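Summary of the model geometry
Chain by chain, the residues run as shown.
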Amino acid sequence: MSLIHDADAVFDPNADRLREECGVFGIFGHEDAAALTALGLHALQHRGQEATGIVSFDGKRFHTERQLGLVGDVFSDAGVIEKLKGRQAIGHVRYSTTGETILRNVQPLFSELHGGGFAVAHNGNLTNGLTLRRNLVRDGAIYQSTSDTEVVLHLVARSRKPKFIERFIDALRQIEGAYAFVGITNKKLVGARDPLGIRPLVLGELNGCPILTSETCALDIIGAKFVREIENGEVVVISEQGIESHKPFPPVPERPCVFEYIYFARPDSIVKGRSIYERRKAMGAQLALEAPTEADVIVPVPDSGVPAALGYAQASGIPFELGIIRNHYVGRTFIEPTQKVRELGVRLKHSANRSVVEGKRIVLVDDSIVRGTTSLKIVKMMREAGAREVHFRISSPPITHPDYYGIDTPDQAKLLAATHTLEEMRQFVGADSLAFISVDGLYKAMGHERRDPTRPQFTDHCFTGEYPTSLTDVVGESAKQEMSLLAAG
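Keep in mind that what you see is a predicted model, and the values were worked out from it rather than measured.

Remarks on the overall build of the protein chain
The number of helices and strands found in the protein chain is 18 helices and 23 strands. For the protein chain, buried positions account for 58% of its 489 residues. Working note: accessible area of the protein chain is about 19,700 Å², and carbon and sulfur atoms make up 52% of it.

If you want it as structure tokens, here you go:
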């Protein structure tokens, strides 16, 4: 979604986590469009906590509110919602993967085009966004943000196709990577999903009003009904005349991002008919079969490790306990004043429950290890709380390759599993034993017999190094060079 290196993460003591880029929501034809969009964004807050925005259309003019911060902080004022007039609206929550957290990057982005206005919000990342941007700038395009989403606005504006939807499809045919778009024009709500369906998008309905959003949990919060998933490579156009479906790309098998199931989607969401919560429990159960150990208690690393830990406990027969208590009131951009305090940063979010772990052999269950720095601190915290043994179990395979589709992963050299053997990783985090679920085990937990190496069922390059699309842009430091001369706070 954006093109500039995110410097904020270096100040985050708990940045050793995978983070997804954003969530999108759009509704057509409802008198409370903006308010419902704000509620939908509340449900998608886990997909991005740095910034949020809504654009609405009242039949004559577009209205916008975009701010840094959480949905509840930006849209809790009734006066703000009242200014977003109209019966159609789209919204966005943002977490920048490689981009600055500045106001001009906050979505939805809006532009006045020939034939009317167009606002668009994007979940994902374009793997040829830099190349397209350079070509467009060379040809005279003037950019107002550093977001690759703006590439789509320029491509639509420059298309010579007669109808808007043809211009939109013309733009989509020029981009690569992973995307779920929602947008509004003077007359339409539009949505699009990349040809492989890497990023999610679903269709819902509330009292006859169509909705497009990233996850089903955003439908649940407003009492809307799930209709279906937008298919991979599908473009939908919603207007007063109804819903049109376009299939502008050659049909290929769907390959959704497996991390939606492991980590990103909310546990109460349903993806491809699968309960996220149940899939995560199944991953934990499979992990218990693959990597059993003698222990007294199963302890999840909250919050994302909880379902897998439950599955591990049920499959192993070892009791499940909350041996770590999470403080939910610490923001991710908390900046500690000194290095000494910074070293205690993990305790801002996690505290040991000594009565559960003291004198016990414990199994820590988490969803992933990225750099390993947080895992090291948590294992140390368990030992300081009196744990006799600490066995670490991870419900995803080792992350050995970076992502370019909208997940915030560091360079490969900074991925612990890419530079260390399993034994070296165990020594680094300080555990008595360490084990990951196997790739085939992960697929089994997802309901498949195993991974099909000739036609993988999911996008899983972080574990396998098999990227499903072209990576046109130069990868590495040159891809992170700042593309803007304007400093902004």
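From this point, the discussion proceeds with the structure in view.
Observations concerning the sheet that holds strand S5 (residues 88-94)
A sheet is described by the order of its strands in space; here seven strands give the open sequence S4-S3-S5-S2-S11-S10-S12, paired in antiparallel fashion. What marks the edges here is a single partner per strand, and that holds for strand S4 (62-68) and strand S12 (225-229). Going from strand to strand, the sheet's axes swing by 15° on average, the running direction of each strand aside. The pairing of strand S10 (residues 202-206) with S12 spans four bridges and is classified as antiparallel. Bridged to Leu203 within S12 is Arg228. Across the sheet, helix H1 (residues 33-43) touches strand S2 (22-28), strand S3 (51-57), S5 and S10, and the angle it forms with S5 is around 25°.

Digging into the sheet that holds strand S14 (residues 242-246)
Across the sheet, six strands lie side by side as S6-S7-S8-S9-S13-S14; this open sheet has antiparallel pairing. Edge positions in the sheet fall to strand S6 (109-113) and S14, since each has one partner strand and no second. Within the sheet, the average angular offset between the axes of one strand and its neighbour, ignoring direction, is 20°. For strand S8 (residues 177-184) and strand S9 (residues 189-193), the ladder comprises five bridges, and the chain directions are antiparallel. Note that in S9 the partner of Ile184 across the bridge is Leu189. In the packing of helix H5 (residues 149-158) onto the sheet, contacts are made with S6, strand S7 (116-126) and S8, and the angle to S6 comes to roughly 10°. Strands in contact with helix H6 (residues 164-172) are S6, S7, S8, S9, strand S13 (235-239) and S14; relative to S13, the strand with the most contacts, it is inclined by about 155°.

What about unusual backbone geometry?
When glycine is set aside, most residues are seen to have a negative phi, and most peptide bonds are trans. Residue Pro108 is reached from Gln107 by a cis peptide bond, and omega for that bond is 0°. The step from Pro302 to Asp303 runs through a cis peptide bond, and the omega angle for that step is -5°. Despite not being glycine, Asn207 shows a phi value in the positive range, around 50°. In this structure, Asn207 sits in the loop between S10 and strand S11 (209-213).

A short note on the packing of aromatic side chains
This model, assessed by the stated rule, comprises 13 aromatic pairs. Aromatic side chains Phe259 and Phe264 sit 6.0 Å apart centroid to centroid with 50° between the ring planes, which places their arrangement in the tilted category. Among the residues examined, Phe259 registers a relative accessible area of 2% and is labelled buried. Consider the rings of Phe259 and Phe463, whose centres lie 5.2 Å apart with planes at 45°: the pair is tilted. A residue pair is termed long-range when its members are at least 10 positions apart, and Phe259 in helix H8 (residues 259-264) and Phe463 in helix H18 (residues 461-464) qualify at 204 residues.

Here we look at the pairing of S9
A large share of S9 lies buried, amounting to five of its five residues. Count of turn residues in the S8/S9 antiparallel hairpin: four residues. Bridge count between S9 and S13: four bridges; the pairing is antiparallel. Pairing of Gly191 across the sheet is with Val236, part of S13.

Let's talk about the environment of Gly69
On the secondary structure map, Gly69 appears in the loop between S4 and helix H2 (71-74). In this structure, the C-alpha to C-alpha distance between Gly69 and Arg94, residues 25 residues apart in sequence, is 9.4 Å. Ignoring sequence-local partners within four residues, the contact set of Gly69 consists of Gln49, Glu50, Ala51, Thr52 and Val74.

Structural notes on the pairing of strand S23 (residues 433-436)
Regular strands have side chains that alternate between both faces of the sheet. Going residue by residue along S23, you find Ser433 and Ala435 tucked away on one face and Leu434 and Phe436 tucked away on the opposite face as well. Of the strand pairs in this sheet, strand S21 (residues 389-394) and S23 are connected by four bridges, and their pairing is parallel. In the strand pairing of S23, Arg393 is matched with Ala435.

Structural notes on the pattern of salt bridges
According to the stated counting rule, one finds 22 salt bridges in the structure shown. Two residues, Glu234 and Arg228, come together in a salt bridge whose shortest N-O distance is 2.7 Å. On the basis of relative accessibility, which here comes to 1%, the residue Glu234 falls in the buried class. In the salt-bridge network here, residues are joined through shared partners; they are Arg47, Arg199, Glu215 and Glu260.

Definitions and limits used
Residues numbered from 1 in each chain as written. Predicted model: local features only at pLDDT ≥ 70, side-chain atom pairs only at ≥ 80, totals over all residues. Heavy atoms only, no water. Helix = DSSP H or I, 4+ residues; strand = E, 2+ residues; numbered from the N terminus. Buried < 20%, exposed > 50% of the residue type's maximum accessible area, 1.4 Å probe, protein only. Areas by Shrake-Rupley, 256 points an atom, 1.4 Å probe, with all protein chains shown as cover. Pairing = 2+ DSSP bridges. Axes fitted to C-alpha atoms, helices over the stretch in contact; angles between N-to-C directions. Contact = heavy atoms within 4.5 Å. Phe/Tyr/Trp six-rings, centres within 6.5 Å; stacked < 30°, edge-to-face > 60°. Salt bridge = Lys/Arg side-chain N within 4 Å of Asp/Glu carboxyl O.

Treat this as a map of the structure, not an account of what it does.
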